[in-house]
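# Chains, contacts and geometry: an overview
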Amino acid sequence: MTLTMGPSLLFCPADRPERFAKAAERADAVILDLEDAVAGGDKAAARDALADPANLLDPARTIVRVNPVATRELRLDLAAVAKTPYRTLMLAKAESGQQLDVLRDYQVLALCETARGVLNAAEIAARRNVVGLMWGAEDLIASLGGTSSRDASGRYRDVARHARSQVLLAAGAYGKAAVDAVYVNIPDLEGLAAEAEDAVASGFAAKACIHPGQVATVRAAYRPGEDAVRNAQELLEAAASAGNGVFSHEGRMIDGPILRHAESVLRRAGLA
């Protein structure tokens, strides 16, 4: 079953089954988390909740985050997932293409959140069963021995911005979806909006959320305004009249890449 992934992906701890349906109602897709969101002593209960038919979500809109390769936890995670219809996994701390062989029977959203994972992002993206890449800021900085992904102004540090770009480029190079990292300052919706708008403009297909209250802000960033839609439509109409090649429109030189930008706006508006 192919994953249906809209712009907002919402993490939900897998040991909180009472939240599953609510998360699915709020977001475009839900990430049921068996890794960092679940304490070690609660992982067995989380796997039981995941496999319980009473908690079943739409498999086309559900991703299960599993623990890293080479951990005992991953084997137990996969045994639990095998009892469900879920076929899209998020692999925590993905670090090489070879690791994806363990998950060959699943679609994988690979989470590049260590220095090695970011450096090998292209190798990971090239794997056939990988449908997308996500990057993670805080685990990345921890893997480097750092203390914070952002400076005092709230802006990502250079190393985090480099990782963000590298994962986006790797995903784009292999035609895979790129998912932007979570915004951990939950009350700061203004900051989230600015970051989500940058994600849209940069080419990220979605942004992950850690709280239901963030979903509307992310969706709004991905939904083009009326002016943007009208401008895109007018530009494409002008292109159709001009025929092939470069032309001028309202004082701007218009060529192929600019037209593809306009087409992207209409796709996000559901008009193409």
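Preceding this paragraph is the structure being described.
Read on for a plain summary of the structure.

Reading guide: rules and limits
- Residues numbered from 1 in each chain as written.
- Predicted model: local features only at pLDDT ≥ 70, side-chain atom pairs only at ≥ 80, totals over all residues.
- Heavy atoms only, no water.
- 1 Å grid on protein atoms, 1.4 Å probe; cavity = no way out; pocket = protein on both sides within 12 Å on 5 of 7 lines; lining within 4 Å.
- Points joined across faces, edges and corners; volume = space filled by probe spheres on them.
- Helix = DSSP H or I, 4+ residues; strand = E, 2+ residues; numbered from the N terminus.
- Nonpolar A, V, L, I, M, F, W, Y, C, P; charged D, E, K, R; others polar.
- Pairing = 2+ DSSP bridges.
- Axes fitted to C-alpha atoms, helices over the stretch in contact; angles between N-to-C directions.
- Contact = heavy atoms within 4.5 Å.
- Parallel < 35°, antiparallel > 145°, perpendicular 65-115°, else oblique.
- Left-handed = near helix turned anticlockwise from the far one by under 90°.
- Core = buried A, V, L, I, M, F, W, Y, C linked by side-chain atoms within 4.5 Å.
- Buried < 20%, exposed > 50% of the residue type's maximum accessible area, 1.4 Å probe, protein only.
- Phe/Tyr/Trp six-rings, centres within 6.5 Å; stacked < 30°, edge-to-face > 60°.
- Salt bridge = Lys/Arg side-chain N within 4 Å of Asp/Glu carboxyl O.

### Here's the deal with the layout of surface pockets
Reported here for the second largest pocket is a volume of approximately 320 Å³. Lining the second largest pocket are 20 residues, and of these Phe 11, Arg 65, Asp 139, Val 182 and Ile 210 sit closest to its centre. Going through the elements one at a time, strand E6 (130-135) and helix H6 (137-143) are the ones with two or more residues in the lining of the second largest pocket. In terms of residue count, H6 provides more of the lining of the second largest pocket than any other element does, three residues in total. Taken together, the residues of the lining of the second largest pocket sort by class into 11 nonpolar, two polar and seven charged.

### A closer look at the sheet that holds strand E5 (residues 107-112)
Picture the strands of a sheet paired through backbone hydrogen bonds; they go either parallel or antiparallel. A barrel is described by the order of its strands in space; here eight strands give the closed sequence E1-E2-E3-E4-E5-E6-E7-E8, paired in parallel fashion. Each strand of the sheet is rotated relative to its neighbour by a mean of 25 degrees, with strand direction disregarded. Where strand E2 (residues 29-33) lies against strand E3 (residues 62-66), four bridges are found, and the strand directions are parallel. In the sheet register, Val 30 faces E3, and the bridge partner there is Thr 62. Against the sheet, helix H9 (residues 215-222) engages strand E1 (8-13) and strand E8 (206-209), with an angle of about 170 degrees to E8.

### Some details on the packing of helix H2 (residues 43-51) against helix H3 (residues 72-81)
One can describe the packing of H2 onto H3 by two numbers: an axis separation of 9 Å at closest approach and a directional angle of 20 degrees. Judged by the inter-axis angle, H2 sits roughly parallel to H3. With respect to the hand of their crossing, H2 and H3 are arranged in right-handed fashion. Contacts from Lys 43, Arg 47, Leu 50 and Ala 51 in H2 reach Glu 73, Leu 76, Asp 77, Ala 80 and Val 81 in H3.

### Comments concerning the nonpolar core
The nonpolar side chains of soluble globular proteins are, as a tendency, buried together. One finds Leu 32, Leu 50, Val 64, Leu 89, Ile 124, Leu 133 and Trp 135 to be the most contacted residues of the largest nonpolar core, which totals 59 residues. By residue number, the principal contributor to this core is helix H7 (residues 158-173), which donates six residues. Setting aside anything within four residues of it in sequence, one finds Leu 133 in contact with Leu 109, Ala 110, Cys 112, Ala 121, Ile 124, Ala 125, Val 167, Ala 170, Ala 171, Ala 177, Ala 178 and Val 179. Membership of the second largest hydrophobic core comes to 14 residues, among which are Phe 11, Ile 31, Leu 109 and Leu 111.

### Notes on the packing of aromatic side chains
The full count for this structure, using the stated rule, is one aromatic pair. Centroid distance Trp 135 to Tyr 156: 5.2 Å. Interplanar angle 65 degrees. Geometry classified as edge-to-face. Here Tyr 156 lies in the loop between H6 and H7 and Trp 135 lies in strand E6, a separation of 21 residues in the sequence. With relative accessibility at 6%, the residue Tyr 156 sits in the buried group.

### Points about the pairing of E6
The buried fraction of E6 amounts to five of the six residues, a majority that puts the element mostly inside the structure. Relative to E6, E5 is paired through five bridges, and the arrangement is parallel. Its bridge partner lying in E6, Leu 109 is registered against Gly 132. For E6 and strand E7 (residues 177-180), the ladder comprises three bridges, and the chain directions are parallel. By the bridge assignment for E7, Leu 133 is matched with Ala 178.

### Brief notes about the pattern of salt bridges
All told, the structure shown has 17 salt bridges when counted by the stated rule. Among the ionic pairs, Arg 219 bridges to Asp 28, the shortest N-O distance being 3.1 Å. Remark: Asp 28 occurs in the loop between helix H1 (20-26) and E2 and Arg 219 occurs in helix H9; sequence separation between them is 191 residues. Relative accessible area serves as the criterion here: at 28%, Arg 219 is assigned to the partly exposed category. The shortest N-O distance in the salt bridge between Lys 93 and Asp 36 comes to 3.9 Å. With Lys 93 in the loop between strand E4 (88-91) and E5 and Asp 36 in the loop between E2 and H2, this residue pair connects regions lying 57 residues apart in the sequence. Accessibility expressed as a relative area gives 22% for Lys 93, which makes it partly exposed. One salt-bridge network, in which partners are shared between bridges, spans Asp 33, Glu 35, Asp 36, Arg 65, Lys 93, Glu 113 and Asp 139.

In short, geometric facts, not functional conclusions.
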